[in-house]
Amino acid sequence: MMKALRLPGRALGGFDHGVHPPHHKERTEDLPIQRLPFGSRFVMPLGQHIGAPSVPVVKAGDAVRRGQLIAGPGGFVSVALHSPVTGKVLDVGPHRYSDGTFREAIAIEADPYDSQEFEGAPIDWESLSLEAFIGEVQKAGIVGMGGAAFPCHVKYSLPEGTRIRCLLINGAECEPYLTTDHRLMVERPEALLHGAEIVRSKLGAEEIVIGVEKNKPDAIEMLQRSIGPGQPVRVVPLEVKYPQGAEKMLIKSIFGVEVPAGKLPRDVQIAVNNVGTIVAIADYFQKGMPLIERVVTVSGPGVAYPANLLAPLGTPIRDLLRFAGGLKEETRQVVMGGPMMGASIADLDAPILKGSSGILALTANETGRPEERPCIRCGRCVEACPYFLNPARFARLARARLYEEMAEKYNVMDCVECGCCTYSCPSGIPIVQHIRTAKDYLRSMTRKEK
Amino acid sequence: MSFDLETIFSAPGIMLGLGLFFGIVLAVAYRFLKVEEDPRIDDTEELLPGTNCGACGEPGCRAFSEKLVAGEVQPSKCTVASPEALESIAEYLGVDAGEQVKQVARLRCAGGRAEAAQIAEYQGFDGCRAADVVSGGGKGCPWGCLGLADCEISCTFDAIKMNEDGLPKVDVDLCTACGDCVEACPRDLFEIRPLNEHLYVQCNSPLAGDDAVALCSVACDACGRCSADSAPGVVTMENNLPVVHFQAGPLKPEATFRCPTNAIVWLEGNQFEQDSQDQHKSLKRHA
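Residues numbered from 1 in each chain as written. Chains lettered and ligands numbered in written order. Predicted model: local features only at pLDDT ≥ 70, side-chain atom pairs only at ≥ 80, totals over all residues. Heavy atoms only, no water.

Caption draft 1: The overall build of chain B, seen in detail. Within chain B, the regular secondary structure consists of 11 helices and 8 strands. Here the C-alpha radius of gyration of chain B, 28 Å, is well above what a compact globule of 287 residues would show, namely 19 Å. Taken along the three principal axes of its C-alpha coordinates, chain B extends 100 × 55 × 30 Å. In chain B, the share of contacts with a sequence separation of at least 24, taken over all contacts with a separation of at least 6, comes to 58%. Of the roughly 15200 Å² of accessible surface on chain B, a fraction of 54% belongs to carbon and sulfur atoms. In chain B, which carries 22 positive and 43 negative side-chain charges, the distance between the mean positions of the two groups comes to 7 Å. (Helix = DSSP H or I, 4+ residues; strand = E, 2+ residues; numbered from the N terminus. Rg over C-alpha atoms; globule rule 2.2 N^0.38 Å. Contact = heavy atoms within 4.5 Å. Areas by Shrake-Rupley, 256 points an atom, 1.4 Å probe, with all protein chains shown as cover. Lys, Arg positive; Asp, Glu negative; His and termini not counted. Charge placed at Lys NZ, Arg CZ, Asp CG, Glu CD.)

So this is what it looks like as C-alpha cells:
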C-alpha cells in the first residue's frame, strides 16, 4: 500500500520526457458542438469496449426505441449497449469494424418518421449505495471516452482496503487536432461539475481536480467561473506537452506522485476519468440517457469544414465526413482517434464507437512516411519516452523477431504506444509499429498457451 | 625495486600448485562420480538429422535420441530424417521404425493479390504481423493471407517461397512439418496435414454467400455442394466452412467438382500449382 497521498498546492514540474507536436487545434477549438442529423443505418459492435463483448437481447426484426437496452453486459468487465436510434433491428451478425476485421454487431435501421426524441427520467443518485451506483454505471454502458473505452464501473469497484481521496478529471486533451473535451468544458461546465460531484460523493473522495492544458484558457476560465460555492474543485492548468493526458503523466504533473509500473491510479488513491466520461455520467443521472451518442472532432487538412459533432454511436464514419464537407482529393489517410495514438481506418463504412474521439483526414503532408534509414543511436526516442523505456532497442529486437527478449528484459508490455518515439525519430523508423507487432505476438503466444 | 628471484617464481609456483591440486580433484571425481550414460544415445544422435527443428515435440535432436533409446518414442516421430536413416536407427536400436506418414504445412487461403480485394493501401514495415496490427494491412479479407512473407522468413528448411501472386508456396519435398510457419502466421492460416489427405479447403472466411465472394473470388461461399457430393459425414459445414473428416469415409475428388469458387481442392502435391489446377479442371470436365 502506498503512503498517504500528498495533495500539494505547490506548482510541480510536470512530467519528464515527452514531445511537443504542433497541436493544430485552431481548426475546431472555437466551433460549437453541432448535432449530426440522424442517418438511416446504425451498427453497434458488441465488443467496442475493453473486456467481454456484450450479449445481445434483441433479434432481427425487433422494434427498438432510442436509448433502449439492446445488449447486456457479458461479464463484470463489460458494459451494456443501447440503441442509438428509434427503428428496427436489421440483423445481429458480423459487420466491418474500423480496423478492417468483422465483428459481431447489431445493425439498426432508423425509423425515418420518428422524431428521435429521447424519453427518460432522472435517476435519484443521492440515495444510491456505492454498489448500486456501480451497477447503474455499468447498466448505462459508460466507458472511458478518451479512447481506450475501458468500462468505467470497474475503476470504481475498489478492492477491500482501498479508498479514493481525489477524483482527477482529465481535460488535458493532449492529442493534436482533437477538441471534444475542450468544447464540452466550454459548453457544458455545469454538467461536468455535476457529474464530478456525483462520482466524488459516491466514491467518498475529498477533492475534485480538473487538469487542463494551458492551450485551453477559455475552458479553464469557464470551469473556474462555474464552480459552485463550497465545491471542493480545483482547476489545474498544465504545461502543453504530449502525452500530458496519459493518466500516469497527469498524476505525475499534478501530484508529483509516480504510479509504479503495473499499478493503477487507485493504488495512489486517485481515480482518473476523462471529461467526456463524466459528462456521460451526468447525462445518465440527470436525464436517464445512457451512452448512445458522443462528441467527435472531425478535422484535419483533408476535410473542407472541420467540426465538433454530437454523433449517435454506430453512425458510419462516412456520414460524419460527408457532413464535414467530404474528403478532399488529396486525402491519403483517415484516422480514428488522434494522430499520435489513433488507428488508421480500413473501411469508411465502419461505425463511430464509444471510444472514437476524433475522425481525422490527413493528406500526404502529414502521413508521408520518411524514407526509413538505419538507427543512428542518437537516443532521441529514449529521451522522448515518458515511460523511460528504450524504444531504439525495441525496434532492433523486433526487427530480429526477438519478441520474447523484449518482454523479459526490456518490459515492452509497459509501453502504452503513445508514439513519442516514432515522432522524434530522425531516421523515420516505425518504432511503435514494431512494438505493437511484438505485443501482438506475445499476446497470441499467451492465448495459445491457455 | 630490487631483483628478487623469490618474487618472480612465487606467483607461477602458486598457480602451478593450484592447477595440480584441482586437476587431481577432478581426476578423482571423474573416477568415482562418473555418470554412466548409454553410449547408444550419442550414436543415435549421430544418425538423426541434427537440425533441432522441434517437429517431434522435443527440444532438440539430443533429447529425441534420449527418448528413442529409452523406447518412449518411435524413430518415425522424426519427420525430417529420410526413410533410410530411420530404418538404420531402428535397426541399430533393434526396434520397429514405425509408420511415417509424411506431413506438410498447408495454407488455408488461396486469396492472393489477383483474387482477394484490397480496400486500402498499406505503408509500413514489411511483415505480416506488423501489417496485421495496422488495420489488417488494407486487405479486404481479415482472415486471409497477408502475403508479406513472415512464414518464408521463419522456415528453417527454405521450403516456403512467396509466389508472384503473393502467396506462400510450400515445397512438399522440403517441408518437414516442423510447425514454425504455423507459429509465425499472425492469422493462423498454416496447419500441418498428412500429405495423403488430398481433399483440402483453401479458405478461412466465416462469411457466406455474396458477402464472402465480394471479398475474394476464391472464397468459400458456404454453398454446401462439397458436403452434398461426398459420402455422408465426410464433409460437414461448420461456421460457414467445409470441414473434412478423414476418418469418416473414403475421400473422392467429386467433392470439388461443383465448387463454384475452387475453395475446396484435390491436392496431390504442392498448393497453388498450375498443374494441380489443370488437373482440377480436367477432373471437372469428366464430371
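After presenting the structure, the write-up continues.
Caption draft 2: Here's a closer look at the environment of Ala361(A). Within the secondary structure, Ala361(A) is located in strand E17 (residues 358-363). Once you skip the residues sitting within four places of it in the chain, Ala361(A) turns out to touch Ser299(A), Gly300(A), Pro301(A), Gly302(A), Val303(A), Leu327(A), Thr331(A) and Gln333(A).

Caption draft 3: The arrangement of helix H1 (residues 5-32) of chain B in detail. The first and last C-alpha atoms of H1(B) sit 41 Å apart over 28 residues, in line with the 40 Å expected at 1.5 Å per residue. Between the side-chain oxygen at the start of H1(B) and the backbone nitrogen of Glu6(B) there is a gap of 3.1 Å, and the oxygen is on Asp4(B). (Expected span 1.5 Å × (residues − 1). Polar contact = N/O pair within 3.5 Å; in protein donor to acceptor, adjacent residues only side chain to side chain.)

Caption draft 4: Spatial organisation of the domain arrangement of chain A. Residues and elements named next belong to chain A. Parsing chain A into structural domains produces domain 1 (130-287) and domain 2 (380-449). Spacing between the C-alpha centres of domain 1 and domain 2 amounts to 29 Å. Residue-level contacts link 6 residues of domain 1 with 5 residues of domain 2. Summed over both sides, the interface between domain 1 and domain 2 buries roughly 460 Å², with carbon and sulfur atoms accounting for 70% of that surface. The three residues of domain 1 that bury the most area against domain 2 are Tyr242, Pro243 and Met249, which together make up 65% of that side's buried surface. Here domain 1 and domain 2 share 0 salt bridges between them. Inspection of the region where domain 1 meets domain 2 yields 1 residue pair in polar contact (both at pLDDT 80 or more). Here the residues of the side of domain 1 that touches domain 2 sort into 5 nonpolar, no polar and 1 charged. (Domains from an automatic or database assignment. Buried area = accessible area lost by both parts, 1.4 Å probe. Salt bridge = Lys/Arg side-chain N within 4 Å of Asp/Glu carboxyl O. Nonpolar A, V, L, I, M, F, W, Y, C, P; charged D, E, K, R; others polar.)

Caption draft 5: The arrangement of the sheet that holds strand E2 (residues 41-45) of chain A in detail. Spatial strand order, E2-E8-E7-E4 (chain A): 4 strands in an open sheet with antiparallel pairing. The strands lining the two open edges of the sheet, one partner per strand, are E2 and strand E4 (63-64) of chain A. (Pairing = 2+ DSSP bridges.)

Caption draft 6: Representation of the sheet that holds strand E9 (residues 166-171) of chain A. All names here are of chain A. Spatial ordering of the open sheet is given by E11-E10-E9-E12, a layout of 4 strands whose pairing is parallel. On the outer flanks of this sheet lie strand E11 (233-238) and strand E12 (270-274), each paired with one strand and no other. The sheet shows a mean angle of 25° between the axes of neighbouring strands, taken without regard to direction. Judged from the 6 bridges that link them, strand E10 (residues 207-213) and E11 form a sheet pairing that is parallel. When the sheet's bridge partners are listed, isoleucine 208 is paired in E11 with valine 233. The sheet strands contacting helix H6 (residues 247-255) are E9, E10, E11 and E12, and the helix crosses E9 at an angle near 115°. Sitting on the sheet, helix H7 (residues 275-287) touches E9 and E12, and the angle it makes with E12 is about 85°. (Axes fitted to C-alpha atoms, helices over the stretch in contact; angles between N-to-C directions.)

Caption draft 7: Expanded view of the packing of aromatic side chains. Applying the stated criterion across every chain yields a total of 6 aromatic pairs over all chains. Ring centres of Phe102(A) and Trp143(B) lie 5.2 Å apart, and the angle between their planes is 20°; on these two criteria the pair is classed as stacked. Pair noted here: Phe102(A) is in strand E8 (residues 102-110) and Trp143(B) is in the loop between helix H5 (128-133) and helix H6 (150-154), and the two residues belong to different chains. What links up through ring pairs into an aromatic cluster is the set Phe133(A), Tyr156(A), Tyr284(A) and Phe285(A). Above the plane of the ring of Tyr97(A) lies Arg103(A), whose end atom (NZ or CZ) is 3.6 Å from the centre. We note Arg31(B) situated over the ring of Phe32(B); from NZ or CZ to the ring centre the distance is 5.8 Å. (Phe/Tyr/Trp six-rings, centres within 6.5 Å; stacked < 30°, edge-to-face > 60°. Lys NZ or Arg CZ within 6 Å of the ring centre and 35° of its normal.)

Caption draft 8: Inspection of the domain arrangement of chain B at higher detail. Residue and element names in this part refer to chain B. As far as domains go, chain B holds domain 1 (40-93) and domain 2 (103-285). Taken over C-alpha atoms, the centre of domain 1 sits 32 Å from the centre of domain 2. Of the roughly 400 Å² buried between domain 1 and domain 2 on both sides combined, carbon and sulfur atoms contribute 67%. At the junction of domain 1 and domain 2, the tally comes to 0 salt bridges. The interface formed by domain 1 and domain 2 holds 1 residue pair in polar contact (both at pLDDT 80 or more) in total. Of the residues that constitute the side of domain 1 that touches domain 2, the class distribution is 3 nonpolar, 2 polar and no charged.

Caption draft 9: Region of interest: the pairing of strand E7 (residues 241-244) of chain B. Residues and elements named next belong to chain B. Bridging between strand E6 (residues 235-238) and E7 involves 4 bridges; their strand directions are antiparallel. Of the residues in E7, the one forming a bridge with valine 235 is valine 244. Count of turn residues in the E6/E7 antiparallel hairpin: 2 residues, of which asparagine 239 carries a positive phi of about 55°.

Caption draft 10: Spatial organisation of the pattern of salt bridges. In total, this model carries 38 salt bridges over all chains according to the counting rule given. One salt bridge connects Lys155(A) with Glu247(A), and the closest N-O pair in it is separated by 3.9 Å. Of this pair, Lys155(A) sits in helix H2 (residues 152-156) while Glu247(A) sits in helix H6, and the two are 92 residues apart along the sequence. Members of the salt-bridge network, linked through shared partners, are Glu37(B), Asp42(B), Glu45(B), Arg62(B) and Glu66(B).

Caption draft 11: Expanded view of the packing of helix H3 (residues 180-187) of chain A against H7(A). Residues and elements named next belong to chain A. At a minimum axis distance of 9 Å, the contact between H3 and H7 shows a crossing angle of 45°. What the angle tells us is that H3 and H7 run oblique. Residues Asp181, Leu184 and Met185 of H3 form the contact with H7, whose participating residues are Val275, Gly276 and Val279. For the contact of H3 with H7, the class distribution of residues is 4 nonpolar, 1 polar and 1 charged. (Parallel < 35°, antiparallel > 145°, perpendicular 65-115°, else oblique.)

Caption draft 12: Looking closely at unusual backbone geometry. Residues and elements named next belong to chain A. In this chain, tyrosine 242 is followed by proline 243 through a cis amide linkage whose omega measures -5°. Structurally, proline 243 is set in the loop between E11 and H6. A positive phi angle, close to 60°, is found at alanine 149, a residue other than glycine. Its place among the elements puts alanine 149 in the loop between helix H1 (130-139) and H2. Relative accessible area serves as the criterion here: at 3%, alanine 149 is assigned to the buried category. Of note, the phi angle at arginine 401 is positive, near 60°, even though the residue is not glycine. Of note, arginine 401 is situated in the loop between helix H11 (391-399) and helix H12 (403-410). A relative accessible area of 25% means that arginine 401 is categorised as partly exposed. (Buried < 20%, exposed > 50% of the residue type's maximum accessible area, 1.4 Å probe, protein only.)

Caption draft 13: Just the confidence of the model for chain A, in detail. The predicted model of chain A has a mean per-residue pLDDT of 91, with 97% of residues at 70 or higher. Here residues 1-11 of chain A is a poorly scored stretch, pLDDT under 50, and it has 22 contacts once near neighbours within four places are set aside; other chains count. (pLDDT = per-residue confidence, 0-100.)

Caption draft 14: Looking closely at a nonpolar patch on the surface. All names here are of chain B. Taken together, Ile14, Met15, Leu18, Phe21, Phe22 and Val25 make up a surface patch of nonpolar side chains, about 620 Å² in accessible area. You can see leucine 18 is positioned in helix H1. A residue is classified by how much of its surface remains accessible, and leucine 18, at 41% relative accessible area, is partly exposed. (Patch = residues over 30% accessible without salt bridge, like charges linked within 9 Å, V, L, I, M, F, W, Y side chains within 5 Å.)

Caption draft 15: A look at the interface of chain A and chain B. Each partner contributes to the interface: chain A provides 24 residues, whereas chain B provides 22 residues. In this assembly, chain A packs against chain B so that about 2000 Å² is buried in total across both faces, 54% of it on carbon and sulfur atoms. Per-residue buried area on chain A facing chain B is highest for Phe102(A), Arg401(A) and Gln433(A); these three make up 28% of the total on that side. Taken together, the links from chain A to chain B amount to 3 salt bridges. Where Asp440(A) meets Arg129(B), a salt bridge forms, and the shortest distance between an N and an O atom there is 3.0 Å. Among the elements of the structure, strand E7 (87-96) and helix H14 (431-449) of chain A are those that each provide at least two residues to the side of chain A that touches chain B. Among the elements that make up the side of chain A that touches chain B, the one with the highest residue count is H14(A) (9 residues). Residues belonging to the side of chain A that touches chain B are distributed by class as follows: 7 nonpolar, 9 polar and 8 charged.

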